[in-house]
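Below are the chains, spelled out letter by letter.
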Amino acid sequence: SAAPLGNTIVRLFTKEYNKLVVTQVTDKAGRYAFLVGPSEYYVTFEKKGYKAETTESFRVAESDNAAVVKEKVSLEKDSENQK
């Protein structure tokens, strides 16, 4: 398994309007957390020297009230950009 990545830019978007909701940067352990209301979202990850990733969209239901989205980030190295 890939090592967790710190300093990765994590962006949360609403699926309906592809609107950026919030941006975070992961900590040394590759962690981040968003507190979100009911809607459908997806998350993108970006770090220099790595391939950008976009998650599948996911729904936060009304009944959840507010949900915390958090996952450890691991990205593939971008072989074309080795410096």
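Keep in mind that this is a model prediction, so the values were computed, not measured.

Caption draft 1: Structural context of the pairing of strand E4 (residues 39-46). Pairing analysis gives 6 bridges linking strand E1 (residues 9-14) to E4, with the strands arranged antiparallel. Note that in E4 the partner of Thr-14 across the bridge is Tyr-41. Sheet topology note: the E4/strand E6 (residues 58-60) ladder contains 3 bridges and is antiparallel. By the bridge assignment for E6, Glu-40 is matched with Arg-59. Looking at chain direction, E4 and strand E5 (residues 53-54) are connected through 2 bridges and run antiparallel. Across the sheet, residue Thr-44 finds its bridge partner in E5, namely Thr-54.

Caption draft 2: Quick peek at the environment of Lys-28. For Lys-28, the location among the structural elements is in the loop between strand E2 (19-25) and strand E3 (34-36). Overall, Lys-28 belongs to the exposed group, its relative accessible area being 80%. In sequence terms Lys-28 and Thr-8 are 20 residues apart; their C-alpha atoms lie 9.4 Å from each other.

Caption draft 3: Representation of the nonpolar core. Val-10, Tyr-32, Phe-34, Val-36, Val-43 and Phe-45 are the most contacted members of the largest nonpolar core, which totals 14 residues. When contributions to this core are tallied by element, the ones reaching two or more residues are E1, E3 and E4. Broken down by element, this core gets its largest block of residues, 3 residues, from E4. Excluding residues that lie within four positions of it along the chain, Phe-45 makes contacts with Thr-8, Ile-9, Val-10, Tyr-32, Ala-52, Glu-53, Thr-55, Val-73 and Leu-75.

What counts and how
Residues numbered from 1 in each chain as written. Predicted model: local features only at pLDDT ≥ 70, side-chain atom pairs only at ≥ 80, totals over all residues. Heavy atoms only, no water. Pairing = 2+ DSSP bridges. Helix = DSSP H or I, 4+ residues; strand = E, 2+ residues; numbered from the N terminus. Buried < 20%, exposed > 50% of the residue type's maximum accessible area, 1.4 Å probe, protein only. Core = buried A, V, L, I, M, F, W, Y, C linked by side-chain atoms within 4.5 Å. Contact = heavy atoms within 4.5 Å.

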